[in-house]
Amino acid sequence: MADLNYVRVEWDAEIALVTVDRQDKLNALNAEVVGEIGEVFESLQDDDKVRGVILTGAGSKAFVAGADIGELATMNSVSGVRVSRDGQRVFRLIEHFPKPVLAAVGGYALGGGCELAIACHMRIASEKARFGLPEVGLGIIPGYGGTIRLARLIGLGRAIEMTLTGEMMDAKRALDVGLVSAVVEPDALLDEAKALLRKVTKNGPVAIRMALESIYRGLDTSTAEALDFESALFGLLASTDDMKEGMDAFLEKRKPDFRGR
Ligand code: COA
């Protein structure tokens, strides 16, 4: 990985903690930040020591307060498409990441920040988190997948309301509508994120990857095709060492030692 200015990667055993760190602008996403997030996920993708990723924002105020409005203000109709495409490419990389990605949201997750969180596989929030898509108030729409992913996550009616009003929701409301799966005390956010992610990383890595593939494929294809795909993956898993280990461990009343093969 080249030198990064705005994204940090730290390790806690098998978990990579990826922190967007541009605190003077509430971690807002300019082109460089988006590029660095992409670089980090590309480099972690094939790293066997990574079993899961936590994505968070530096400081106590923001996860990510959106795309950089100063930068957006200079775009025209040509560069606007590029800005949207560049962000979509990186967010899709996260969505298709072969290991679980959990967003730990400790503050503002607005606009592109909210879209970043919903591109992750799971989300937890601190009591101080605020979610919103304020783009229409700036005369634009969410351009990093928010108009597609939010409705799938919280339902059409709520997604339309959130997108068209541009209003923020607090962490409790985010929990109520299923935008996050837990709300925790601010100081406990990262520990709780790790605890939740470890409930995933203790399982068979190949099975986790294929479960994600099957779930996301199911959103994009017909039920019949998705069921065929699920069966194919199910069959494929029968050829893995992980399946043998998982079932042997159960029958031998011990914990499995998955190798991701
Ligand atoms: N783009 C660029 N800069 C941003 C930003 C963004 N999305 N969000 C925050 N900042 C900058 C502010 O301009 C300010 O910079 P400055 O100190 O150089 O003036 C700094 O971050 C701190 O933000 P500030 O607005 O002073 O903090 P606040 O506590 O008063 O308000 C927010 C916090 C999140 C409510 C407010 O910053 C905000 O509304 N941000 C924009 C959110 C948004 O519309 N995002 C979607 C963009 S598509």
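Only a predicted model underlies this, so the values are computations on that prediction, with no experimental measurement involved. (Residues numbered from 1 in each chain as written. Predicted model: local features only at pLDDT ≥ 70, side-chain atom pairs only at ≥ 80, totals over all residues. Heavy atoms only, no water.)

It is worth spelling out the layout of surface pockets at this point. Considering only enclosed or pocket space, the largest pocket measures out at about 540 Å³ in volume. Taken together, 25 residues form the lining of the largest pocket, with Glu95, Ile118, Arg149, Tyr216 and Leu219 sitting closest to its centre. Among the elements that make up the lining of the largest pocket, the one with the highest residue count is helix α9 (residues 205–220) (seven residues). Broken down by class, the residue content of the lining of the largest pocket amounts to 15 nonpolar, four polar and six charged. Shared between two domains, the lining of the largest pocket takes at least three residues from each, and those domains are domain 1 (7–201) and domain 2 (205–251). The computed volume of the second largest pocket comes to approximately 430 Å³. (1 Å grid on protein atoms, 1.4 Å probe; cavity = no way out; pocket = protein on both sides within 12 Å on 5 of 7 lines; lining within 4 Å. Points joined across faces, edges and corners; volume = space filled by probe spheres on them. Helix = DSSP H or I, 4+ residues; strand = E, 2+ residues; numbered from the N terminus. Nonpolar A, V, L, I, M, F, W, Y, C, P; charged D, E, K, R; others polar. Domains from an automatic or database assignment.)

Domain boundaries in the protein define domain 1 (7–201) and domain 2 (205–251). Taking only C-alpha atoms into account, the centre of domain 1 sits 27 Å from that of domain 2. Counting residues at the interface gives eleven residues for domain 1 and seven residues for domain 2. Both sides of the domain 1 and domain 2 interface together cover about 740 Å² of buried area, and 64% of this is carbon and sulfur. On the domain 1 side of the contact with domain 2, Pro98, His121 and Arg152 bury the most area, a combined 48% of that side's loss. Inspection of the region where domain 1 meets domain 2 yields one salt bridge. (Contact = heavy atoms within 4.5 Å. Buried area = accessible area lost by both parts, 1.4 Å probe. Salt bridge = Lys/Arg side-chain N within 4 Å of Asp/Glu carboxyl O.)

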